[in-house]
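Observations on the three-dimensional arrangement
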Amino acid sequence: MNNFSINTATIAVVMMEEMEEDEEPTVSYDDIEMMVRDELIQLCRSNKRKRPLDDDGNPPKREYTRYNRERAQQCVNEDYFGPKPTFNDRQFERFFRITLPMAEGILNGLASNDPYWHLSYDCTGRMSIDPKVKLVAALKMACYGVSFTAWKDYAQMGESTAREGLSKLMRYLVMDPEISWKFLRKMTKSDARKVAEMHQREIGIEGNVGMLDVSQIPWGNCPHEQKGQHVGKEGEPTLGLELMSDMAYRIWHWNFGSPGSLNDINAWERSSLLHDMIHGVWHELDFEYEINGEKFNMLWMFVDLIYPQLRRFLRSIANPVTKIDRYFANWQESKRKGVECTIGVLKKKFHSLVHPIRLFYVDDIYYLVGGCIVLHNMMVTERIERDQRDGSMWYELVAEKDPQNQQYQQQNVTASAAAKAAIAEEDAYLEANAALADPNNNIVDLTFQEKLRQAKLLTKNLRYVEYYWSELNNVQEHMRLQNAVKNEVYGSGRSDGNELARFDPLEAFDSRLLE
């Protein structure tokens, strides 16, 4: 509107100047500007696209489609939910990525929380859309990632109704306390021990609880003014999804929403996992274990080379030279692929995470991704229970009222015994050497003065965060873990007769050259 006013004012000034050259102006400046504005408005209205008129000369009414809701209800019941359905439970699982009892349980939970999922009748006696039809439509949109127009004829409902059902379903899966606690919870101490034991049997190394990586989710309806920060190496707007999973493909951590132009290390710096590590949450999960005769007390995970050298990360070797380094690099990279397999399985199940997402708001995409992760974890648990792996309750929860788990869910800094002891020791040191802060003292200790200044400025919680970060960001401990794992893996590989340990291509090439 401001540009429009400036243009009319400019035109009015030019007209006034032309009138002054000829004779005395008889029209004021304001009148000329108002005339120019009216002419431009009429010009814009005349150029506006006109809607076609009907035979009577009236603008056409909005098209109304009378959907056959009874037929859609009958089709869904005969195909999936009836006493003798056309498709059995196995086929239902292939179609919708979850089992039929899971779908029925989700539908019951939705109906108990939202009247949208109730079957009702209007004042004319016409039946509303059956909740089962809404659920089937929402699951198809999440699983296949295409427009609802593809099966509008089967579900007999409008696109806006289908999108609303998808949004309500995904928000319920993420926000429901019971479902999120069971399938979207963070790792507890009992979970950490179970996963570490499973990985020890799989890879032969103790203390590992998963693999960490970042994937990109395409955003088809990204606003034009935000494309600069969301376009990365993929060449299209994307949103980052950080995942940590175990070797059974169970997702234990997810952080979604980072712009696509950020790489893995930028996404890590704004991750909730880093927040938990430096706020003492992960220290509550740690336990002591041994690798190659050396003792460690921090759980760790596989990452690629872009991540920093932290005590909880096991990276590969960028330029391996020796035989043991090459073997360790191949072994680490092969085990780290587990999280990429998890991402691949997740995207193969739910194509809505592969095709450009046609949603405008990041919050809606967040619930869509979270709901897909919940459904994925449901099926991981179901698959493990079917195989009867270590009993039928591999991911069984400890009691919800367990004080340890309640402490884990707190947002404040969790102070471990070691952190409290370190802060108390530092306070005792500052108190015992308070004389060093006296400016009249001949002894000048700049280190002590800096510690005293930080102790006065920082709160106790921030001092705990600083302690946890100093414990985490320890390159020497990172290298000690890497060397211990490397020696353990190489030694076990040779003793087991592993072909990769016994055959080295570079060594064989060097021997051929010598011959």
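I will try to describe carefully the structure that is included in this document. All of these numbers come straight from a predicted model, not from anything done at the bench.

On to the nonpolar core, then. The nonpolar side chains of a soluble globular protein tend to be buried, and buried together. Formed by 63 residues in total, the largest nonpolar core has its most connected members in Ile106, Leu169, Leu173, Leu241, Trp254 and Ile373. At 10 residues, the largest contribution of residues to this core is made by helix α15 (residues 362-387). The next biggest cluster of nonpolar side chains, apart from the first, holds 46 residues, and it includes Ile205, Trp282, Val303 and Tyr490.

Bringing the pattern of salt bridges into the picture now. For the structure on display, the rule yields 18 salt bridges. The partner of Arg163 in a salt bridge is Glu159, and the shortest N-O contact between them spans 3.7 Å. One end of the pair, Arg163, and the other, Glu159, are both in helix α8 (residues 159-175), 4 residues apart, so they sit about a helical turn from each other. Looking at Glu159, the relative accessible area reads 27%, which means it is partly exposed. One salt bridge in this structure joins Glu340 and Arg336, with 3.3 Å as the shortest N-O distance. You can see Glu340 and its partner Arg336 sitting in helix α14 (residues 323-349), 4 residues apart, about one turn around the helix. When its relative accessible area of 32% is taken as the criterion, Glu340 is described as partly exposed. One connected set of salt bridges, linked through shared partners, spans Glu294, Arg311, Glu471, Glu477 and Arg480.

Among the 9 residues that make up strand β3 (residues 251-259), 8 are buried, leaving the element largely enclosed by the rest of the structure. In this structure, strand β2 (residues 238-245) lies alongside β3, joined through 7 bridges in antiparallel fashion. Opposite Glu242, over in β3, you have Asn255 as the bridge partner. Two successive antiparallel strands, β2 and β3, enclose a turn made up of 5 residues, where Tyr249 displays a positive phi of approximately 75 degrees.

Definitions and cut-offs
Residue indices follow the written sequence of each chain, beginning from 1 at its first position. Side-chain atom pairs in this predicted model are given and counted only at pLDDT of 80 or more, local residue features only at pLDDT of at least 70, and totals for whole chains, interfaces and linings cover all residues. Side-chain measures were taken over the full set of non-hydrogen atoms in the model, leaving aside hydrogen atoms and water. By nonpolar core is meant a set of buried Ala, Val, Leu, Ile, Met, Phe, Trp, Tyr and Cys residues that side-chain atoms within 4.5 Å join together. Classification of residues uses two cut-offs on accessible area relative to the type maximum, computed with a 1.4 Å probe and protein chains only: under 20% is buried, over 50% is exposed, and between them is partly exposed. Numbering goes from the N terminus for both helices and strands, where a helix is a DSSP run of H or I of at least four residues and a strand is a run of E of at least two. By convention in these notes, a salt bridge is any Lys or Arg side-chain nitrogen within 4 Å of a carboxyl oxygen on Asp or Glu. For two strands to be treated as a pair, DSSP must find no fewer than two bridges joining them.

Spatial relationships are all this shows, so hold off on functional conclusions.
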